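Coordinate analysis (summary)
Chain by chain, the residues run as shown.
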Amino acid sequence: MKNGVSIFLSILVLVTTESCKKDKGIMNLEWQNESLSLTAEICGKYRECADKEWKSIPENLKKFTEGRLEETQCQKRFRESNAYKLIGADPLAIQTAYKECHKQIMLFSCKDLQEGKIETINACVAFQKVQNGN
């Protein structure tokens, strides 16, 4: 049961962490489109893994998680993030970290994601720091 919950919590931290800053950031349409596409793929991967573990998710987390992992909601939340707005670090570093983290997530199995292996990927750790405003 713990593994099923951890997979959902990791996606929430990675993709949907919102900053309290009101900074508008940098307008970069090419990056915004690319990052939304990457985000959709990441959310899709987590949805795929969630489908396999759905029975182990506590009832009170199901609706919350379901909504967050749905593609439109996932992208909507990402649009509010530091990474989408290129805030919190060098814009090129943000883009590079997210692309590398995305690549690793797509290579991971659901079990890898459940075990928190995302936290062993430097690009994902760097990306989470940007998202958290650290």
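Bear in mind that the values here come from a model prediction, so they are computed numbers and not experimental data.

1. Things to note about the packing of aromatic side chains
- Tallied over the full model, the rule gives 4 aromatic pairs.
- Measuring from ring centre to ring centre gives 6.0 Å for phenylalanine 78 and tyrosine 84, while their planes differ by 80°; the resulting arrangement is edge-to-face. As far as burial versus exposure is concerned, phenylalanine 78 and tyrosine 84 are alike and both buried.
- Consider the rings of phenylalanine 78 and tyrosine 98, whose centres lie 5.3 Å apart with planes at 15°: the pair is stacked. One end of the pair, phenylalanine 78, is in helix 4 (residues 71-78); the other, tyrosine 98, is in helix 6 (residues 91-107), with 20 residues separating them in the sequence.

2. Describing the nonpolar core
- Ranked by internal contacts, the top residues of the largest apolar core, which has 24 residues, are Phe78, Tyr98, Ile105 and Ile118.
- Within the residue set of this core, elements represented by two or more residues are helix 2 (29-53), helix 5 (82-85), helix 6, helix 7 (110-114) and helix 8 (122-132).
- Here this core takes 6 residues from helix 2, the largest share from any one element.

3. So, the pattern of salt bridges
- Considering all chains together, one arrives at 4 salt bridges under this definition.
- Among the ionic pairs, aspartate 112 bridges to lysine 117, the shortest N-O distance being 3.2 Å.
- Bridged by salt links that share partners, the residues Lys111, Asp112, Glu115 and Lys117 form one connected network.

4. As for the confidence of the model for the chain
- The share of residues in the chain with pLDDT of 70 or more is 68%, and the mean pLDDT across the chain is 79.
- Taken element by element, the predicted model of the chain shows its lowest mean pLDDT in helix 1 (residues 2-16) (51) and its highest in helix 6 (96).
- Below a pLDDT of 50 lies the segment residues 1-5, which in the model reaches 9 contacts outside its immediate sequence neighbourhood of four places, other chains included.

5. A short note on the state of the cysteines
- What the rule picks out here adds up to 3 disulfides.
- In this model cysteine 43 forms its disulfide with cysteine 74; the gap between the sulfur atoms is 1.5 Å. With cysteine 43 in helix 2 and cysteine 74 in helix 4, this pair connects stretches of sequence that are 31 residues apart.
- On the accessibility criterion, cysteine 43 (0% relative accessible area) is buried.
- Here cysteine 74 falls in the buried class, since its relative accessible area comes to 1%.
- Cysteine pairing for the chain, with bonded cysteines counted in sequence order: 1-3, 2-5, 4-6.

6. Brief notes about helix 8
- When helix 8 is considered as a whole, its buried residues turn out to be Ala123, Cys124, Phe127, Gln128, Val130 and Gln131. Buried residues of helix 8 fall within an arc of 155° about the axis and therefore sit on the same side.

7. Concerning the packing of helix 6 against helix 8
- Where helix 6 meets helix 8, the axes come as close as 8 Å, and the angle between the chain directions of the two elements is 130°. The orientation of helix 6 relative to helix 8 falls into the category oblique. Helix 8 is crossed by helix 6, and the crossing has left-handed handedness. Contact residues: helix 6 offers Ile94, Ala97, Tyr98, Glu100 and Cys101, while helix 8 offers Ala123, Cys124, Phe127 and Val130.
- Residues that form the contact of helix 6 with helix 8 fall into these classes: 8 nonpolar, no polar and 1 charged.

The rules behind these values
Residues numbered from 1 in each chain as written. Predicted model: local features only at pLDDT ≥ 70, side-chain atom pairs only at ≥ 80, totals over all residues. Heavy atoms only, no water. Phe/Tyr/Trp six-rings, centres within 6.5 Å; stacked < 30°, edge-to-face > 60°. Buried < 20%, exposed > 50% of the residue type's maximum accessible area, 1.4 Å probe, protein only. Helix = DSSP H or I, 4+ residues; strand = E, 2+ residues; numbered from the N terminus. Core = buried A, V, L, I, M, F, W, Y, C linked by side-chain atoms within 4.5 Å. Salt bridge = Lys/Arg side-chain N within 4 Å of Asp/Glu carboxyl O. pLDDT = per-residue confidence, 0-100. Contact = heavy atoms within 4.5 Å. Disulfide = S-S within 2.5 Å. Arc of directions from axis to C-beta. Axes fitted to C-alpha atoms, helices over the stretch in contact; angles between N-to-C directions. Parallel < 35°, antiparallel > 145°, perpendicular 65-115°, else oblique. Left-handed = near helix turned anticlockwise from the far one by under 90°. Nonpolar A, V, L, I, M, F, W, Y, C, P; charged D, E, K, R; others polar.

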